[in-house]
Amino acid sequence: MEKKNAGFAAGIKEAFRKFLVALKRRPQLIPLAALVIAFLEYSMNLTVISDTTAKIQGPGMGLCGFCTMLFSMLSMVCFGNAFPHRKKVNLPMLILMFVMFGIILFSDVTYLNAIYAAVMRADNPIKVTLNTVYIAYAEYYLQRHIEILCVSIALIVLLPVYSKWIRRIKTSVEVEGNAQMAAIDISGEN
């Protein structure tokens, strides 16, 4: 039983070492994962955002939702092109990606302002009841999307800093008997 546990622990240790080696080679996977999480946060909750758009029908709400979805997908494509494998950073794609992030943040904030305006207006405000609770959910998910997107932007900006830290992590495998390698005669003389 102990051999199974030791083998399992060694397997987990080796898998973690391989994961760290992959991160050392491509540290841009960390902000890419954050971008994917931000995209999934928005797209998985698109139903409540669409229902909110249909209920409030504020000016530009549909366009804001469309822009957020479109530029979220396109920013991931730009990210892949901005950080090619084993090449220098593609600066035009990086700039285009940050422009898209600005459009996404502007669209989300505009959408949130349309929700606030509809709920808090003086004449005929939209009441958030049990039947219209999706409006509160839409506000919550948009705020979370903005937060995750800001974390993604920070991870992209700080990529040169923490990629150096990740490269300093020792991931080499210690092989027994390497200390005796100097004692082996490789000259080929008999």
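From a predicted model like this one, the values you see are computed outputs, not experimental measurements.

Draft legend 1. Looking closely at unusual backbone geometry. Phi at Gln 57 takes a positive value of approximately 50°, unusual for a residue other than glycine. Within the secondary structure layout, Gln 57 lies in the loop between helix 3 (46-56) and helix 4 (61-82). The class for Gln 57 is exposed, based on a relative accessible area of 64%. Positive phi, close to 55°, is recorded for Asn 124, a residue that is not glycine. Along the chain, Asn 124 falls in the loop between helix 5 (91-120) and helix 6 (134-157). Taking relative accessible area as the criterion, Asn 124 reaches 64% and is therefore assigned exposed.

Draft legend 2. Main features of helix 5. In this model helix 5 runs 43 Å from its N-terminal to its C-terminal C-alpha over 30 residues, within 8% of the 44 Å that 1.5 Å per residue would give. For helix 5, every residue scored as buried is listed here: Leu 94, Met 97, Met 100, Phe 101, Ile 104, Ser 107, Asp 108, Tyr 111, Leu 112, Ala 114, Ile 115 and Ala 118. At its buried positions, helix 5 is contacted by helix 2 (29-43), helix 3, helix 4 and helix 6.

Cut-offs and rules
- Residues numbered from 1 in each chain as written.
- Predicted model: local features only at pLDDT ≥ 70, side-chain atom pairs only at ≥ 80, totals over all residues.
- Heavy atoms only, no water.
- Helix = DSSP H or I, 4+ residues; strand = E, 2+ residues; numbered from the N terminus.
- Buried < 20%, exposed > 50% of the residue type's maximum accessible area, 1.4 Å probe, protein only.
- Expected span 1.5 Å × (residues − 1).
- Contact = heavy atoms within 4.5 Å.

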